[in-house]
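# What the coordinates show
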Amino acid sequence: MNLFRAGHSQTRRSINRAPWPPLARAFPWLTIMLASIAPSWLLVASAPVMPPLGYLVFLSWHQLRPGLLPIWAGLPLGLFDDLFSGQPFGCAVLLWSASSIVLDLVETRLPWRNFVIEWLVANGLILTYIVLCLGLANVGGADAPLRVIVPQIVISVLAYPLVDRFVAIADRFRLKPFLVAR
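Keep in mind it's a predicted model, so treat the numbers as computed, not measured. Per chain, residue numbering runs from 1 following the sequence as it is written. Residue-level local features of this predicted model are given only where pLDDT is at least 70; pairs of side-chain atoms are given and counted only at 80 or more, and the full residue set underlies all totals for whole chains, interfaces and linings. Each side-chain value is worked out from all heavy atoms of the structure, with water and hydrogens disregarded.

## Overview of the overall build of the chain
Basically, it comes down to this: By definition, any uninterrupted DSSP run of H or I lasting at least four residues is a helix, any uninterrupted run of E lasting at least two residues is a strand, and each is numbered from the N terminus. Note on classification: 1.4 Å probe, protein chains only; a residue is buried when its accessible area is under 20% of the maximum for its type, exposed when over 50%, partly exposed between these limits. The contact definition used throughout considers only heavy atoms, calling two residues in contact when any of these lie within 4.5 Å. Per-residue and other accessible areas follow the Shrake-Rupley method at a 1.4 Å probe size, with only the shown protein chains counted as cover for residues.
Along its length, the chain carries 7 helices and 2 strands. Burial analysis of the chain (182 residues in total) assigns 35% to the buried set. Of the contacts formed within the chain by residues at least 6 apart in sequence, a portion of 70% connects residues at least 24 apart. Roughly 11200 Å² of accessible area belongs to the chain as shown, and the carbon and sulfur atoms make up 70% of that amount.

## Description of the environment of Phe84
By secondary structure assignment, the location of Phe84 is in helix H4 (residues 74-85). We classify Phe84 as partly exposed; its relative accessible area is 39%. Sequence-wise, Phe84 and Pro39 are 45 residues apart; in three dimensions their C-alpha atoms are separated by 9.1 Å. Those residues in contact with Phe84, other than ones at most four positions away along the chain, are Ser36 and Ile37.

## Points about the layout of surface pockets
Operational definition: Definitions used throughout: a 1 Å grid over protein atoms alone; a cavity as a set of points that fits a 1.4 Å probe which cannot get out; a pocket as an open set with protein on both sides within 12 Å along at least five of seven lines; a lining residue as one with an atom within 4 Å of a point. Grid points are joined across faces, edges and corners, and a volume is the space filled by probe spheres set on the points. Residues are grouped as follows: nonpolar covers Ala, Val, Leu, Ile, Met, Phe, Trp, Tyr, Cys and Pro; charged covers Asp, Glu, Lys and Arg; every other residue, Gly included, is treated as polar.
Put simply, the second largest pocket is a space of about 150 Å³. Considering the residues around the second largest pocket, the lining is formed by 13 residues, among which His62, Pro66, Leu103, Asp104 and Glu107 are closest to the centre. Mapped by element, the contributors of at least two residues to the lining of the second largest pocket are helix H3 (53-64) and helix H5 (91-109). Ranked by the residues each element gives to the lining of the second largest pocket, the list is headed by H5, at 5 residues. Its residues assigned to classes, the lining of the second largest pocket shows 6 nonpolar, 4 polar and 3 charged.

## Quick word on the environment of Pro19
On the secondary structure map, Pro19 appears in strand S1 (residues 17-19). Judged by relative accessible area, which is 32%, Pro19 ranks as partly exposed. Here the alpha-carbon distance between Pro19 and Leu175, two residues 156 residues apart in the chain, equals 5.2 Å. Contacts of Pro19, omitting those with residues within four sequence positions, involve Arg174, Leu175, Lys176 and Pro177.

## Concerning the packing of aromatic side chains
Where we set the bar: When the centres of two rings from Phe, Tyr and Trp lie within 6.5 Å, Trp using its six-membered ring, the rings pair. Their planes under 30 degrees apart give stacked, over 60 give edge-to-face, and anything left gives tilted.
For the structure on display, the rule yields 6 aromatic pairs. When the centroid spacing of 6.0 Å and the interplanar angle of 50° are considered together, the rings of Tyr55 and Trp96 count as tilted. Of this pair, Tyr55 sits in helix H3 while Trp96 sits in helix H5; the two residues are 41 residues apart in sequence, bridging distant segments of the chain. By relative accessible area, which is 1% here, Tyr55 ends up buried. Residues Phe58 and Trp96 carry aromatic rings whose centres are separated by 4.9 Å and whose planes lie at 25° to one another, so their mutual orientation is stacked. Separated by 38 residues along the polypeptide, Phe58 in helix H3 and Trp96 in helix H5 bring together distant segments of the chain. Accessibility assignment for this pair places Phe58 and Trp96 in one class, buried. Every member of this aromatic cluster is reached through a ring pair, and the members are Tyr55, Phe58, Trp96 and Tyr129.

## Observations regarding the confidence of the model for the chain
Which entries qualify depends on this criterion: Per residue, pLDDT captures the predictor's confidence, and it can take any value from 0 to 100.
When pLDDT is averaged along the chain, the result is 85; 85% of the residues meet or exceed 70. Model confidence for the chain, summarised as mean pLDDT per element, is weakest for helix H1 (residues 2-14) at 49 and strongest for H3 at 94. Contacts of residues 7-12 to residues separated by more than four positions or lying in other chains number 0 contacts, the stretch itself having pLDDT below 50.

Here it is, written out as structure tokens:
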């Protein structure tokens, strides 16, 4: 009898609980925007050292939950990142939108992926993003050599699994069931 009651109370506690829809929809967008602002909080440097955290979180959300962010999400999130990154205006809009399209193509071509494939795709996109950001900045008037971004590339590639873990924890919080009022 005690076993039945314990099971019954466990079932009763899980009934009428669901993720809060506004939190479930807005949380990925908020984490990406906070990550776009975060590099300016931590360090002010004359050369790019901090990884583009907003972009890394953007990639992580796309790879962790394909279809959660619409394909056009690169435009507003890249626009927000452009306001805080110091890159020429429109750089992140272009590159985040292109990355969103590439990730969507990878999702349709390789629906069953493992960690290694996702890590290689992410590293390719991170390397391409940082190099193209430098190229667009040089077109915009900067005169920086390619060797300046090597530390940022190395730190970004090494930080990506940590960012991916953070996004997984954030996704668990996003899907945490809350008591639904009647």
